[in-house]
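Chain by chain, the residues:
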Amino acid sequence: MHTPSASLPGGTWTLGDLTVTRFGYGAMQLAGPRVMGPPADRDGALAVLREAAGLGITHIDTADAYGPHITNRLIREALHPYPDSLHIVTKVGATRDEQGGWPPAREPAELRRAVTENLENLGLDTLDVVNLRLGDAQGPVPGSLAEAFGTLVDLRRQGLIRHLGVSNATAQQVAEARSIAPIVCVQNMYNLAHRHDDDLIDELAEQGIAYVPFFPLGGFTPLQSSALTAVATRLDATPMSVALAWLLQRSPNILLIPGTSSVSHLRENVAGAGLPLSDADLTELDEIGR
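Attention here is on the structure that accompanies the text. Computed from a predicted structure; not experimentally measured.

Sheet topology note: the strand β1 (residues 12-15)/strand β2 (residues 18-21) ladder contains four bridges and is antiparallel. Directly across from threonine 12, in β2, lies its bridge partner threonine 21. With antiparallel pairing between neighbouring strands as the criterion, β1 and β2 make up a hairpin whose turn holds two residues, including glycine 16 at a positive phi of roughly 65°.

Following this line, the structure appears as structure tokens:
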């Protein structure tokens, strides 16, 4: 079954004219160690993708830099021809080096090549959503995105891209992108411990724009981790379950893309994101990032 599942936590959201499940799947972990090379268990990677689709997940997040090329080719092998309900969101603007770094690749020629490679490796004529990845491995970096984003706008006019978004962006860069062309999503680091985008999330929700957090458990201090673990223990749940459930309940425009290379872990994440949190739980959790 490849239709949006009513049983998935959070229901659905609309990216432009595309309806996706708010619980999605991030494919980065399907590549080898440090997101380089092929997976140790290729059959297992294909099984995870097929399980995600079978569970009714209709939002898969990827990038041709993962591997590089490996993850997109796995997606194509596992799921192509894609059902109309399945939507793949990819990123351009960074590549991989032999040291496992993520050097920027935002010159017009680099972006055009990245879009072409995504299309070829995914087996698509048009990419549903392309996020422009900004900043660096340490986070967002201020500066104009006009030239790079304009290149993607041109590729959209050519019919190679349906919708645009930005990733690893400052609030000012989000505003600049929106002044150039419509965007359907923003993908930034955000979780219980890192609340810097609170105002941005609320603003985007009012505008009908999705916010897609990555690293739901990233960057916690030991004290913050202890506080989260205490809540999870009381609820007889895992810290990841609590973190995912909190994100879904934080705002209706938040879409989840937790990654895993394990079918059992994927199922655990789906179940965990549906964990009901009381007002008292939410108040206690809210203190973690304050």
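Across the sheet, seven strands lie side by side as β3-β4-β5-β6-β7-β8-β9; this open sheet has parallel pairing. Strand pairing shows two members of the sheet lacking a second neighbour, β3 (25-26) and β9 (210-214), which therefore form its edges. One ladder, built from five bridges, connects strand β8 (residues 185-189) with β9; its direction is parallel. Bridged to cysteine 185 within β9 is alanine 210.

To continue, consider the nonpolar core. Counting 73 residues, the largest nonpolar core has Tyr25, Phe149 and Leu152 as the members making the most contacts within it. If sequence neighbours within four positions are ignored, leucine 152 has contacts with Val92, Leu111, Val115, Val130, Leu132, Ile161 and Leu164. Core analysis: the next-biggest nonpolar cluster, separate from the first, contains twelve residues, Leu18, Val89, Val184 and Cys185 among them.

Here we come to the pattern of salt bridges. Applying the stated criterion across every chain, the model contains twelve salt bridges. Notably, a salt bridge pairs aspartate 128 with arginine 162, separated by 2.6 Å at the nearest N-O pair. Taken together, the residues span a long stretch of sequence, with aspartate 128 in strand β6 (residues 127-133) and arginine 162 in strand β7 (residues 161-167) at a distance of 34 residues. When its relative accessible area of 12% is taken as the criterion, aspartate 128 is described as buried. In this structure, the salt-bridge partner of aspartate 202 is arginine 250, at a minimum N-O distance of 3.1 Å. Here aspartate 202, found in helix α6 (residues 198-207), pairs with arginine 250, found in helix α8 (residues 239-250); they are 48 residues apart in sequence, far enough to count as distant. A residue is classified by how much of its surface remains accessible, and aspartate 202, at 35% relative accessible area, is partly exposed. Exposure remark for arginine 250: the relative accessible area of 18% places this residue in the buried category. One connected set of salt bridges, linked through shared partners, spans Arg195, Asp198, Asp202, Arg250 and Asp286.

The rules behind each value
Residue indices begin from 1 for each chain and proceed along its sequence in written order. Local features are withheld for residues below a pLDDT of 70 in this predicted model, meaning they are given only at 70 or higher, and side-chain atom pairs are given and counted only at 80 or more; totals for whole chains, interfaces and linings count all residues. Only hydrogens and water are set aside; all other atoms, that is, all heavy atoms of the structure, feed into the side-chain values. In this analysis, strands are considered paired if DSSP registers two or more bridges between them. To qualify as a helix, a DSSP run of H or I must reach at least 4 residues; to qualify as a strand, a run of E must reach at least 2; elements of each kind are numbered from the N terminus. Nonpolar cores are built from buried Ala, Val, Leu, Ile, Met, Phe, Trp, Tyr and Cys residues. Side-chain atoms within 4.5 Å join them into one set. Only protein chains enter the accessibility calculation, which uses a 1.4 Å probe. A residue is then buried if its area is under 20% of the maximum for its type, exposed if over 50%, and partly exposed in between. What makes two residues a contact is simply this: any of their non-hydrogen atoms within 4.5 Å. Between Lys or Arg on one side and Asp or Glu on the other, a salt bridge is scored when a side-chain nitrogen of the former is within 4 Å of a carboxyl oxygen of the latter.

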